[in-house]
Amino acid sequence: MRWAVDAVRIIERKRDGIELSTEEITYFVDGYVRDQIPDYQASALAMAIFFRGMSVRETVDLTMAMVSSGETIDLSPSADTYVNSAQPAATYGANLAVHTLNGAATRRAYFKFDTAALPDAIVEARLRLMPTQVEAGAKFGRIFAAPCNYSGTSTPWTESGLNWNNAPLPAATHWLDEITIPAQAGERYSFDVTPALLGAAETCFVVEATTDYLIKFSSKEGPTPPVLTVTYLVPP
C-alpha cells in the first residue's frame, strides 16, 4: 500500500508542475520494476510528464534510474571488418584489428550484430571498442547506423567479402554518437547506439575517423573483442 500512496503523491507533484527529486524518480522506477506500482499509475506519471515536461536534471535522473533498474545483455559481433580506399578490392575480415582513418587512404570499420532476440523495452545500447594502437593526435570519431547488405543489393555483407567498392554507406547523414576526446590505446570507450536498435534481425554500424591519424580497434578475432551492451527493462 505504501508504494501506491507514494506513487500518487509523486504523480500529483509532477501534475502540479513541481520538479521531482532524484529520490522520487528513483523510487518510482524501482517500485514499477518491482511490480509494486501498477501500469495505470506509470501511465498517469507519463501523461503528467508529457504535459508538464521535465528539466534536464530530471531527464538525466530518469534515464539513469531506468538503466540502473534494467538487465543487460552483452552481444559479440557476428562479423566485423574494415575497408580501405587505398586498396578498394581488399578484404580484412580475418585481421586482429579493424582500422579507422580519415585522409587520402580512408579506412572505415564495420560491425554486424545478431539482434533478433533482443527484448522490446530497450533503455540503452552501447558499442564498446578497445583501441590497440593509436597514432598521436587521433580522436575516436563517429558511429553511424549502416545497412547490413552490400551496397545497392539485398545480399548481406560478410567480413570475408566486404571491401571499399561494395561497402554500404552510412544509413543517415547524421551520426548516432561522436567521441571527440583523444583516443588512448588500452582504454576502452563506448558509443551510444540506442536509436539504431529498432527490432531488426541484424543491426550494423560503421565507425569513421574524424582525424588523419590511424586507430586500430581490437576485432572479434583480437584480444579484446567489441561488445554491444544492451540494457532493457524486465516486465513487472
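Residues numbered from 1 in each chain as written. Predicted model: local features only at pLDDT ≥ 70, side-chain atom pairs only at ≥ 80, totals over all residues. Heavy atoms only, no water.

S.K.: Describe a nonpolar patch on the surface, and please don't skip the residues or the numbers.
M.R.: There is a patch of nonpolar side chains on the surface, built from Met 47, Phe 50 and Phe 51 and spanning about 430 Å² of accessible area. Within the secondary structure layout, Phe 51 lies in helix H3 (residues 39-52). You can call Phe 51 exposed: its relative accessible area is 65%. (Patch = residues over 30% accessible without salt bridge, like charges linked within 9 Å, V, L, I, M, F, W, Y side chains within 5 Å. Areas by Shrake-Rupley, 256 points an atom, 1.4 Å probe, with all protein chains shown as cover. Salt bridge = Lys/Arg side-chain N within 4 Å of Asp/Glu carboxyl O. Helix = DSSP H or I, 4+ residues; strand = E, 2+ residues; numbered from the N terminus. Buried < 20%, exposed > 50% of the residue type's maximum accessible area, 1.4 Å probe, protein only.)

S.K.: Describe the sheet that holds strand S9 (residues 189-192), listing the residues and the values that go with them.
M.R.: Within the open sheet, the four strands sit side by side as S1-S12-S5-S9. Their pairing is antiparallel. Pairing within the sheet leaves two strands with one partner each, and these edge strands are strand S1 (71-75) and S9. In this sheet, neighbouring strand axes are inclined to one another by 25° on average, regardless of whether the strands run parallel or antiparallel. Direction of pairing for strand S5 (residues 122-129) relative to strand S12 (residues 227-232): antiparallel, over a ladder of six bridges. Residue pairing in the sheet places Glu 124 in a bridge with Thr 231 of S12. (Pairing = 2+ DSSP bridges. Axes fitted to C-alpha atoms, helices over the stretch in contact; angles between N-to-C directions.)

S.K.: Requested: an account of the pairing of S12, with residues and values cited.
M.R.: With six of its six residues buried, S12 lies for the most part within the structure. Side chains Val 227, Thr 229 and Thr 231 of S12 all project onto a buried face; the interleaved residues Leu 228, Val 230 and Tyr 232 project onto the opposite face, where all are buried too. Sheet topology note: the S1/S12 ladder contains five bridges and is antiparallel. In the sheet register, Glu 71 faces S12, and the bridge partner there is Tyr 232.

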